[in-house]
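Architecture at a glance
One-letter residues, chain by chain:
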4 protein chains.
Amino acid sequence: MIIVMKSGAGKKEKDEVLKRIRELGYNPHVIHGTTRDVIGAIGDERGKLALQEIESMKGVESVVPILQPYKLASKEVMKDSSLVKISDTVTIGGSKIIIMAGPCSVESEKQIIESAEAVKSAGGDILRGGAFKPRTSPYSFQGLEEGGLKLLAKARDLTGLPIVTEVINPETAELVAGYADILQIGARNSQNFALLKKVGQLKKPVLLKRGMAMTIQELLMSAEYILAEGNQSVILCERGIRTFETATRNTLDLSAIPVLRSKTHLPIVIDPSHATGNHHYVSPMSLAAVAAGADGLIIEVHPDPEHASSDGPQSLKPAKFALLMEKMRRVAEAVDRTI
Amino acid sequence: MIIVMKSGAGKKEKDEVLKRIRELGYNPHVIHGTTRDVIGAIGDERGKLALQEIESMKGVESVVPILQPYKLASKEVMKDSSLVKISDTVTIGGSKIIIMAGPCSVESEKQIIESAEAVKSAGGDILRGGAFKPRTSPYSFQGLEEGGLKLLAKARDLTGLPIVTEVINPETAELVAGYADILQIGARNSQNFALLKKVGQLKKPVLLKRGMAMTIQELLMSAEYILAEGNQSVILCERGIRTFETATRNTLDLSAIPVLRSKTHLPIVIDPSHATGNHHYVSPMSLAAVAAGADGLIIEVHPDPEHASSDGPQSLKPAKFALLMEKMRRVAEAVDRTI
Amino acid sequence: MIIVMKSGAGKKEKDEVLKRIRELGYNPHVIHGTTRDVIGAIGDERGKLALQEIESMKGVESVVPILQPYKLASKEVMKDSSLVKISDTVTIGGSKIIIMAGPCSVESEKQIIESAEAVKSAGGDILRGGAFKPRTSPYSFQGLEEGGLKLLAKARDLTGLPIVTEVINPETAELVAGYADILQIGARNSQNFALLKKVGQLKKPVLLKRGMAMTIQELLMSAEYILAEGNQSVILCERGIRTFETATRNTLDLSAIPVLRSKTHLPIVIDPSHATGNHHYVSPMSLAAVAAGADGLIIEVHPDPEHASSDGPQSLKPAKFALLMEKMRRVAEAVDRTI
Amino acid sequence: MIIVMKSGAGKKEKDEVLKRIRELGYNPHVIHGTTRDVIGAIGDERGKLALQEIESMKGVESVVPILQPYKLASKEVMKDSSLVKISDTVTIGGSKIIIMAGPCSVESEKQIIESAEAVKSAGGDILRGGAFKPRTSPYSFQGLEEGGLKLLAKARDLTGLPIVTEVINPETAELVAGYADILQIGARNSQNFALLKKVGQLKKPVLLKRGMAMTIQELLMSAEYILAEGNQSVILCERGIRTFETATRNTLDLSAIPVLRSKTHLPIVIDPSHATGNHHYVSPMSLAAVAAGADGLIIEVHPDPEHASSDGPQSLKPAKFALLMEKMRRVAEAVDRTI
């Protein structure tokens with residue numbers, strides 16, 4: 001960590017800072033500049049965020065961290081990409097790009113079974129579907145809850161597809177884990193630390209969505225919460241960030257793929273449906289995600305989007321999804337991967 | 001709700017839309033424009049967000065809602081400002097501006113008692129202090145938990161100041177409610193709907209912070225979750241939104257005060273400490289909040305910011321806080337209010 | 001345009017609004033809703049933004065425009081994609097994806113000739129290079145000005161590559177047009193309307209970059225300024241928007257490609273270099289742009305990035321660029337296009 | 001400047017960096033950390049942005065600047081606040097807060113004279129009014145141009161109020177300077193460096209608006225362009241930044257006041273009208289700006305907002321403006337200033 005002193009800082013102020021740096025277990029090293037002094041604090045600064053407190057001290061202009069604040073999520077811990085095993089046949093993080101698809105919400109047996117069959121026949125790997133739904137409005141459909149989980153399990157039995165579904169509350173996390181193959185943490189819960197700790201204690205892979213206003217560093221810190229509890233099966237998901245642009249529901253930040261690739265070993269999944277909010281934009285963004293190096297995609301597919309109880313405007317119909325699968329396969333091949 | 005048809009939409013597509021509008025319980029009304037048709041769907045659209053699904057239909061360009069999606073939080077339900085009673089002597093929402101102050105985290109008995117006495121002697125109304133801390137890093141100090149709540153209660157006993165403290169998990173919400181006078185929902189949990197429902201069922205006032213990327217409308221929807229569970233004592237808190245500017249921790253959106261005033265009857269509190277992240281900027285922003293019409297402020301005060309275990313850089317020392325109280329009193333008087 | 005009246009608006013207020021709508025040349029049409037009235041104003045609202053002024057009237061809650069405010073840039077004017085001819089052999093907007101590449105700034109004869117030869121030998125179509133540089137700091141290198149234009153012309157003579165270079169001032173626009181094949185309007189000048197009008201009067205294709213905080217609609221309005229002056233050869237360029245994320249210089253908004261495709265006939269070019277600001281991220285984002293349907297890319301290539309006078313960190317070396325060209329060709333083929 | 005090396009960087013890479021630092025005229029100083037080396041480059045880094053190019057070198061993780069990149073705008077150059085003299089009786093930057101007011105556009109003699117008289121009689125100091133208008137749409141009213149300047153001059157003759165008006169093009173800058181007392185640079189031209197240089201060469205005070213996506217540091221760099229050309233009379237103006245929130249036209253960043261105060265000696269003016277875009281929000285934000293320490297305000301006032309040719313929704317009527325002046329006077333007094 002680098003402490004930049006103010007240009008007029010006196011000896012007394014500097015001595016106080018040096019003393020505090022030593023108290024915190026670091027070794028200080030002063031550089032005398034032309035207009036001000038800069039102090040390097042040598043030592044592993046992770047897990048010692050208290051060093052930031054030096055910013056409150058007299059004569060200090062700013063404190064610049066050098067190390068990233070995460071450890072277990074970092075590439076320094078593990079150079080190769082993590083492989084997260086979902087089932088005997090499905091693993092995320094290798095050269096095969098994994099496609100998760102299905103409706104936003106589980107609505108009925110007919111709807112989820114039809115969806116699962118459409119996903120399966122088009123070559124998808126995992127079925128998605130929400131049973132507990134975090135909705136902006138208390139008056140919107142909140143999901144079928146355990147009934148929905150049972151329908152998902154039934155769809156899995158019929159098709160063999162593993163299932164990913166959202167967990168929204170520490171109190172019902174174990175219930176969901178009893179059914180799901182992957183526990184999804186939604187964007188609005190991406191810094192719900194009580195929930196992150198809870199899923200860190202469960203033995204199921206976690207799909208962690210990036211929050212709408214979350215930096216990539218904060219996403220890795222949220223992953224660190226799960227990893228630090230002992231659960232090593234974390235999959236990161238970019239699903240659009242909030243910006244000033246209103247032509248799309250959110251702004252899909254595909255550059256998160258190479259940025260994350262340079263910082264972490266965890267697999268990276270893209271959600272083009274929530275990012276764009278418009279089924280017309282899902283196909284081009286899916287192809288772009290494949291070309292940019294995503295390890296997986298999660299796409300909304302619904303047999304009857306016009307009567308969907310949530311997110312109809314961004315869902316693909318089965319035929320359009322099957323066509324997209326074909327196109328994605330071609331792009332995957334062009335970047336030496338498979339789907 | 002207004003449905004805008006595409007310029008080339010045919011009769012069949014329009015008939016399908018009209019049919020669906022009627023199925024949803026609305027009365028459609030067509031306006032034939034020069035280049036396209038526009039359909040008004042007459043009826044109370046709140047609680048029927050399914051109408052948005054019409055956006056998926058063929059021939060539809062966009063759907064424009066007319067009514068705000070919240071009811072109980074809206075000024076249409078209650079023209080006058082709500083008064084939220086905290087204790088026999090403290091009520092928020094009237095002409096007296098309520099000052100909440102104290103440290104970010106409860107760290108020790110000495111620290112919280114000293115803080116409480118400083119707040120009390122400067123004329124503050126409510127003591128703030130975190131016992132359960134939502135921290136970005138799993139390696140940061142996570143709070144004293146129930147031990148912290150007990151220290152807060154002790155500080156209340158000594159000074160008579162009611163206490164506001166954060167609740168971060170439905171599982172511990174009742175525990176916190178057993179000690180606190182106001183339950184705080186932090187910015188990162190502002191769309192943790194499981195937690196919002198839980199505090200909606202408790203009988204304690206709630207201070208609901210705006211999320212970092214939350215629109216004012218979404219803030220009112222989160223308030224609606226609490227109100228809809230039967231808890232009418234909701235206080236809204238603006239604490240800075242995330243923008244591209246990095247000179248401050250967040251960007252304090254003071255215009256939220258008049259915007260909220262025009263839309264809701266709920267009291268409005270400003271948090272200049274988390275918004276700016278820098279104690280030098282807290283005083284001018286506090287004065288601005290008073291001038292702009294805030295019903296309360298929540299300010300970080302710490303007897304020894306340089307050794308604080310969280311948020312030291314943005315905390316005021318007691319003497320500076322006392323001076324700020326004097327200044328705020330003068331500005332409050334200039335806008336015909338008191339502190 | 002739709003005028004939403006306040007729920008308590010009286011007859012007198014409504015009559016005033018109806019009168020004003022007629023004065024402005026529209027035909028009003030009232031829908032009586034359950035809680036408020038909504039008035040449709042029928043007529044072509046483009047070119048009559050004064051209608052927005054109705055928002056100031058008593059009893060009016062909001063005014064919702066129905067038509068897009070641009071005409072010439074719109075798909076309604078021209079269904080097919082525009083083809084912009086640059087030279088006898090280079091046209092943008094067809095199935096061949098056009099690659100523009102070269103250094104940020106022209107620095108010397110050696111540098112620009114080496115760059116041009118590298119672009120040419122890797123199969124690039126157009127040479128980029130700045131002679132007039134808009135720099136954030138007055139102390140940064142401001143470009144070689146006319147000397148730079150002459151070097152660009154020399155590079156064109158040697159390689160046959162057309163050149164694209166920036167114009168930053170109406171006073172020097174004609175000078176630049178005397179050398180350039182494409183006039184570039186940079187992100188910081190994207191709403192410099194005096195400059196837009198000027199290049200609209202010149203007979204050279206224009207590459208219009210999206211501003212850092214510009215919505216897609218505003219980008220099309222800036223294109224409209226150029227088109228309205230009689231210059232039909234406008235190419236749009238997405239180069240990253242400003243968001244809260246700091247891991248990349250800007251956030252590349254690739255979803256702008258399908259959004260623009262649905263709204264305009266103008267060709268769309270992506271600039272992955274300025275968007276990411278980091279040469280490590282340029283290749284994956286270039287492949288993604290091709291997959292998402294871009295009509296062209298503009299990529300920074302420099303023979304010696306470590307000694308570049310601007311934007312070294314985001315420039316590719318010639319060998320890396322040649323490799324990227326190979327990869328892009330494969331992805332282009334997978335989406336039925338060529339490079 | 002601090003250069004952070006990658007954790008695996010070798011001796012050869014480090015030696016190259018040390019060599020390049022010396023070539024650039026700095027004195028390198030190495031700190032050996034526990035996981036990586038950090039190199040301080042000692043010397044005045046302003047005006048030598050080439051140091052950033054070190055980021056392109058092998059083995060370098062990041063480069064952290066220590067000094068601010070502006071000089072003349074900085075507090076280090078001048079500790080006290082600048083006083084910018086506008087006329088014999090009006091100076092900005094002292095304890096008297098200067099109020100500029102008037103319509104968005106000059107529309108007619110009657111309109112501008114009525115506006116000027118309203119501003120004068122309420123106690124305003126300076127008349128604002130646009131003659132050259134930068135409008136998002138080419139079809140919107142573009143201003144009366146020189147005719148408008150003549151009307152402004154007439155209003156000044158009648159009332160004695162100095163005038164502030166916008167300059168949008170280097171080609172007409174001298175024409176505008178022939179009439180105006182203050183040259184305004186609008187938000188969309190805040191990084192139009194050709195225009196900044198031009199007004200830097202003229203001998204008139206400049207009101208420089210912050211761009212919609214401009215950081216405070218960039219605003220100071222744009223001021224530096226004007227100062228570096230020899231014009232020391234620069235006034236900064238915050239007028240709202242673009243964020244995700246749509247309830248207001250922009251988000252007024254009042255914390256820019258204390259941030260700028262800590263970094264620069266230049267006077268600071270707030271524009272609550274363009275920031276909020278809604279006349280209902282102008283009064284509370286004006287009072288907040290006074291309380292936060294603004295040196296001036298610029299407020300839209302129009303005798304007949306409902307028929308204004310631009311920005312009617314955000315303009316105050318004369319009576320409301322006079323009332324606001326009274327309220328601002330009281331708040332100014334409460335913070336020991338006058339209006």
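Note that the coordinates shown come from a computational prediction; the quantities given were computed from them, not determined experimentally.

Moving on: the sheet that holds strand β14 (residues 296-300) of chain B. Sheet strands pair by backbone hydrogen bonding; their relative direction is either parallel or antiparallel. All names here are of chain B. Ordered in space as β7-β8-β9-β10-β11-β12-β13-β14, the 8 strands form a closed barrel in which the pairing is parallel. For this sheet, the mean angle separating the axes of adjacent strands, direction not counted, is 25 degrees. Relative to strand β11 (residues 206-209), strand β10 (residues 182-185) runs parallel, the two being bridged by 3 bridges. When the bridges of β11 are listed, Q184 appears paired with L207. Together, β7 (98-102) and β8 (126-128) form the strand contacts of helix α2 (residues 109-122), whose direction differs from that of β7 by roughly 155 degrees.

When cut into domains, chain A gives domain 1 (2-64) and domain 2 (84-334). Relative to domain 2 of chain A, the C-alpha centre of domain 1 of chain A lies at a distance of 44 Å.

Least-squares fitting of chain D to chain B yields an RMSD of 0.0 Å, with the transformation described by 0.0 Å of translation along the axis and a rotation of 180 degrees. Put plainly, the chains are arranged around a two-fold axis. In terms of proximity to the rotation axis, the leading residue of chain D is A288 of chain D, whose C-alpha is 2.0 Å off the axis. Most of the interface of chain D is mirrored in chain B: 100% of its interface residues are interface residues there too.

A word on the interface of chain A and chain C. The partner chain C presents 35 residues to the 35 residues of chain A that form the contact. Among the secondary structure elements, those contributing two or more residues to the side of chain A that touches chain C are α7 (256-263), α9 (279-292) and α10 (318-334) of chain A. Considering every element that reaches the side of chain A that touches chain C, the biggest residue donor is α9 of chain A, with 9 residues. The residue inventory of the side of chain A that touches chain C, partitioned by class, reads 21 nonpolar, 10 polar and 4 charged.

Turning next to the relation of the copies chain A and chain C. Take chain A, turn it by 180 degrees, move it 0.0 Å along the axis, and it overlays chain C with an RMSD of 0.0 Å. Comparing contact sets, 100% of the residues at the interface of chain A also lie at the interface in chain C, consistent with an isologous, same-surface contact.

Before going further, it helps to spend a moment on the sheet that holds strand β10 (residues 182-185) of chain C. Residue and element names in this part refer to chain C. Read once around its circumference, the closed barrel built from 8 strands follows the order β7-β8-β9-β10-β11-β12-β13-β14, with strand pairing classed as parallel. Across the sheet, the mean angle separating the axes of adjacent strands is 25 degrees when strand polarity is ignored. Each of β7 (98-102) and β8 (126-128) is contacted by helix α2 (residues 109-122), which is oriented at about 155 degrees to β7, the strand it contacts most.

All right, on to the pairing of strand β14 (residues 296-300) of chain C then. Residues and elements named next belong to chain C. In terms of residue burial, β14 counts as a mostly covered element, since 5 of its 5 residues are buried. Side chains G296, I298 and E300 project from β14 onto one buried face, and the interleaved L297 and I299 project onto a second face that is buried too. With 5 bridges joining them, β7 and β14 adopt parallel strand pairing. Residue M100 lies in a different strand from β14, and its bridge partner there is I298.

Looking at the secondary structure, you find V38 of chain B in strand β3 (residues 37-42). Once the C-alpha coordinates of V38 of chain B and M5 of chain B are considered, the two residues, 33 residues apart in sequence, prove to be 5.9 Å apart. Discounting chain neighbours no more than four positions away, the residues touching V38 of chain B are I2, V4, M5, I31 and G33 of chain B together with I2, G40 and I66 of chain C.

Turning next to the packing of α9 of chain A against helix α7 (residues 256-263) of chain C. Close contact between α9 of chain A and α7 of chain C brings their axes to 9 Å; oriented N to C, the two are set at 135 degrees. One way to sum up the angle between α9 of chain A and α7 of chain C is to call them oblique. Along this stretch, α9 of chain A crosses α7 of chain C, giving a crossing that reads as right-handed. Residue-level inspection shows H280, Y281 and P284 of chain A of α9 of chain A in contact with α7 of chain C, the latter providing I257, P258, V259 and S262 of chain C.

Attention now moves to the interface of chain D and chain B. Contact residues are listed per partner, giving 35 residues for chain D and 35 residues for chain B. If you list the elements that add at least two residues to the side of chain D that touches chain B, you get α7 (256-263), α9 (279-292) and α10 (318-334) of chain D. The biggest single contributor to the side of chain D that touches chain B is α9 of chain D, with 9 residues. Classifying every residue of the side of chain D that touches chain B gives 21 nonpolar, 10 polar and 4 charged.

About the cut-offs
- Residues numbered from 1 in each chain as written.
- Chains lettered and ligands numbered in written order.
- Predicted model: local features only at pLDDT ≥ 70, side-chain atom pairs only at ≥ 80, totals over all residues.
- Pairing = 2+ DSSP bridges.
- Helix = DSSP H or I, 4+ residues; strand = E, 2+ residues; numbered from the N terminus.
- Axes fitted to C-alpha atoms, helices over the stretch in contact; angles between N-to-C directions.
- Contact = placed C-beta atoms within 7 Å.
- Domains from an automatic or database assignment.
- Least-squares fit on C-alpha atoms with pLDDT ≥ 70 in both.
- Nonpolar A, V, L, I, M, F, W, Y, C, P; charged D, E, K, R; others polar.
- Buried ≥ 20, exposed ≤ 12 C-beta atoms within 10 Å, placed from the backbone.
- Parallel < 35°, antiparallel > 145°, perpendicular 65-115°, else oblique.
- Left-handed = near helix turned anticlockwise from the far one by under 90°.

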